[in-house]
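# Tertiary structure, described
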Amino acid sequence: MTSHDDTSAFITWTTGATSQQLRWHSEAGNPPPKRVVEADDQMAADAAYKLTCEGTGLLWRGDFQNARQLLQALGRRVDRARERAQAKSKSKAATAESPAQAFHHHRQMQAQRARILGMLLIPVDPGFVVPLRRAPDVQAACREAYAPSLQGTSFAVSLRELQGLIGAHEWRKKGVEIGALGSRIHPWYGVFSPVRGEYVDLVAKAPLPSTELAFDIGVGSGVLSAVLARRGVRKIIATDMDPRALACARENLQGLGVLPQVELQEADLFPSGRAPLIVCNPPWLPARPSSPIEHAVYDPDSRMLLGFLKGLSDHLTPQGEGWLILSDFAEHLGLRAPGMLAEAIAQAGLEVVARHDIKPRHGKAVDRDDPLHAARSKETTSLYRLRARA
């Protein structure tokens, strides 16, 4: 993922009678707040909430840990407002939402929450130093996520984004345990983390049509290439459009000792040539991402899914298999018609020779308080073994 800094974007505010400005940065590509005021430890949470709801950015000048507490207080106020709105809707005996309506409403609420919480801003000095009392050392986290050009300048960033960088840095250090590998994958900021191990297990257990060569389309963190290499596939060509994902995959594959078996290429979907095994785990939801980081989850108009299916026959060797790993969560949400996948497979001149299913094991699958629980409780993740029709 590339940096989404706009060098012409600034926040402006007034201190006394003096107008000031500071460069703005947002990895999500969010524009700077049009109005900004300085805020510190004296600002009450209710006053901060009113200002952020109105679209006013709060450039923090107080204690960093107090800023964290204020962000939590803002989050609680947003959640209470949402709960009141939901209770009011129920009291009016509104018609029950369809799964698709519930999904879109959920995303709208998430976007609104992100917008309000994103109004609490933190200054960052050259060298990725936060010039606030009790501020943590964020240099390593910023170096891992931000373009090197940002290191020599001062800029403002939302505290919410900065916390995301810090969390991603910890994930990268700690890693994600992958049972199929008996080891850990270390995801980078902006690269999809393989926390849902069930799809990895499918690739680890399905019978291999060949151990000569495989293509891994959309390599991400490198986890599926690593599984194939550990299963004895002698050469894997792994592609991704995101240079950050390719760098992340390289680091993980090297750490696991399987990099000599994997050739990484920056490409949109397929490399040149044919292979007896082609694996793809596209984003599962056909919806528009609201930020670059969401591209691993949302596939607008099913572009990657349909592109993989349409191009598969031209890249498979005779009797070769394409492995499509996909959840039916989108069908249960009403975002994808029940017969759409089968129709797309047929239109691409493919047939399903086998299908392996697994139920999700993540916490939300059993969380009845999750607004999408009705769909999540029915979800199945499948590995479709596809071949070109004779």
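Preceding this section is the structure that the text describes.
Throughout what follows, the structure given in this document is the object of discussion. (Residues numbered from 1 in each chain as written. Predicted model: local features only at pLDDT ≥ 70, side-chain atom pairs only at ≥ 80, totals over all residues. Heavy atoms only, no water.)

### Let's talk about the sheet that holds strand β6 (residues 155-158)
If you trace the four strands from one edge of the open sheet to the other, you get β3-β4-β5-β6, paired in mixed fashion. Every interior strand has two partners, whereas the edge strands, β3 (35-39) and β6, have only one. For this sheet, the mean inter-axis angle between neighbouring strands, taken without regard to orientation, is 35 degrees. The pairing of β3 with strand β4 (residues 56-60) spans five bridges and is parallel. Residue pairing in the sheet places valine 37 in a bridge with leucine 58 of β4. Sitting on the sheet, helix α1 (residues 45-53) is in contact with β3 and β4, with an inclination near 130 degrees to β4. In this fold helix α5 (residues 159-174) packs onto β5 (120-124) and β6, with an angle of close to 80 degrees to the strand it touches most, β6. (Pairing = 2+ DSSP bridges. Helix = DSSP H or I, 4+ residues; strand = E, 2+ residues; numbered from the N terminus. Axes fitted to C-alpha atoms, helices over the stretch in contact; angles between N-to-C directions. Contact = heavy atoms within 4.5 Å.)

### Points about the packing of aromatic side chains
Following the criterion strictly, the structure yields five aromatic pairs and no others. Ring geometry for phenylalanine 128 and phenylalanine 155: centres 6.3 Å apart, planes at 80 degrees, overall edge-to-face. With a gap of 27 residues between them, phenylalanine 128 in the loop between β5 and α4 (139-145) and phenylalanine 155 in strand β6 connect regions that are remote in the sequence. Neither phenylalanine 128 nor phenylalanine 155 differs from the other in exposure class; each is buried. With 5.7 Å between their ring centres and 85 degrees between their planes, tyrosine 146 and phenylalanine 155 make a pair best called edge-to-face. The exposure class assigned to phenylalanine 155 is buried, which follows from its relative accessible area of 0%. Feature note: the residues Phe128, Tyr146 and Phe155 constitute an aromatic cluster, connected by ring pairs. Above the ring of tryptophan 188, the side-chain terminus of arginine 172 is found at 3.9 Å from the ring centroid. (Phe/Tyr/Trp six-rings, centres within 6.5 Å; stacked < 30°, edge-to-face > 60°. Buried < 20%, exposed > 50% of the residue type's maximum accessible area, 1.4 Å probe, protein only. Lys NZ or Arg CZ within 6 Å of the ring centre and 35° of its normal.)

### So, the pairing of β5
Within β5, five of the five residues are buried, which leaves the element mostly enclosed by the surrounding structure. Relative to β5, β4 runs parallel, the two being bridged by two bridges. Paired with leucine 59 across the two strands is leucine 121, which belongs to β5. Across four bridges, the pairing between β5 and β6 is antiparallel.

### As for the sheet that holds strand β12 (residues 275-280)
Strand order across the open sheet formed by seven strands is β11-β10-β9-β12-β13-β15-β14, with mixed pairing between neighbours. Each edge of the open sheet is held by one strand with a lone partner, namely β11 (262-266) and β14 (350-358). Between one strand axis and the next, the sheet turns through 20 degrees on average, direction left out of account. Pairing between β12 and strand β13 (residues 316-327): five bridges, direction parallel. Across the sheet, isoleucine 278 pairs through a bridge with glycine 322, a residue of β13. Along the sheet, helix α7 (residues 223-230) makes contact with β9 (213-217), β10 (235-240), β11, β12 and β13, crossing β10 at roughly 175 degrees. Sheet strands in contact with helix α8 (residues 243-255) are β10 and β11, and its direction is about 170 degrees off that of β11.

### Quick word on the pattern of salt bridges
In this structure the tally under the stated criterion is 19 salt bridges. Between aspartate 79 and arginine 82 there is a salt bridge, with the nearest N and O atoms lying 3.3 Å from each other. Note that aspartate 79 and arginine 82 are positioned in helix α2 (residues 64-91) at a spacing of three residues, about one turn of the helix. The class for aspartate 79 is buried, based on a relative accessible area of 19%. Residue class for arginine 82 comes out partly exposed when judged on its relative accessible area of 28%. Of the charged contacts, one joins arginine 336 and glutamate 331 as a salt bridge, the two residues approaching to 3.1 Å between their closest N and O atoms. One salt-bridge network, held together by shared partners, links Asp79, Arg82 and Arg113. (Salt bridge = Lys/Arg side-chain N within 4 Å of Asp/Glu carboxyl O.)

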